[in-house]
Amino acid sequence: MANKSKCPYCNATITRLNVEEIELERDAGGPWKGVSYACPVCRKILSVNVNPEVLKHDVALLVQGALDGSKKLK
Ligand SMILES: [Zn+2]
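Summary of the structure given here. (Residues numbered from 1 in each chain as written. Predicted model: local features only at pLDDT ≥ 70, side-chain atom pairs only at ≥ 80, totals over all residues.)

1. Here's the deal with the overall build of the chain
Short version of the rule: Strands are runs of DSSP state E lasting at least two residues, helices are runs of H or I lasting at least four, and both sets are numbered from the N terminus onward. Each residue is classified by how many other C-beta atoms fall within 10 Å of its C-beta atom, where C-beta atoms are placed from the backbone; a count of 20 or more means buried, 12 or fewer means exposed, and values in between mean partly exposed. Here, residue contact means that the backbone-derived C-beta atoms of the two residues sit within 7 Å.
Secondary structure summary: the chain contains one helix and three strands in total. The secondary structure elements of the chain, listed N-terminal to C-terminal, are β-β-β-α. When the backbone C-alpha atoms are referred to their principal axes, the chain occupies close to 60 × 35 × 15 Å. Residues classed as buried in the chain amount to 1% of the 74 residues present. Restricting to contacts in the chain with at least 6 residues of sequence separation, those with at least 24 account for 24%.

Below, the structure is given as structure tokens:
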């Protein structure tokens with residue numbers, strides 16, 4: 001099935017997006033590492049999200065820390 005998604009700015013058919021790292025500034029607690037998703041034709045940002053690779057890494061560290069903590073209790 002052909003992809004019919006269109007960029008809302010330039011109306012190009014979207015079959016892929018450009019992903020770039022971006023810092024998400026917060027009022028407190030330091031910036032989060034994010035990614036922007038941009039149209040490859042007009043380069044306008046269509047969406048921004050937390051960087052999924054950083055999120056995966058941070059969750060793995062939390063789980064490992066919890067596992068290490070439970071081992072110490074035994
Ligand atoms: Zn576009």
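2. A closer look at the pairing of strand S3 (residues 45-50)
Definition in use: Whether two strands pair depends on DSSP finding at least two bridges between them.
Sheet topology places strand S2 (residues 32-38) next to S3; five bridges connect them, and they run antiparallel. Paired with valine 35 across the strands is asparagine 49, a residue of S3. The hairpin formed by S2 and S3 contains six residues between the paired strands, and arginine 43 there has a positive phi angle of roughly 70°.

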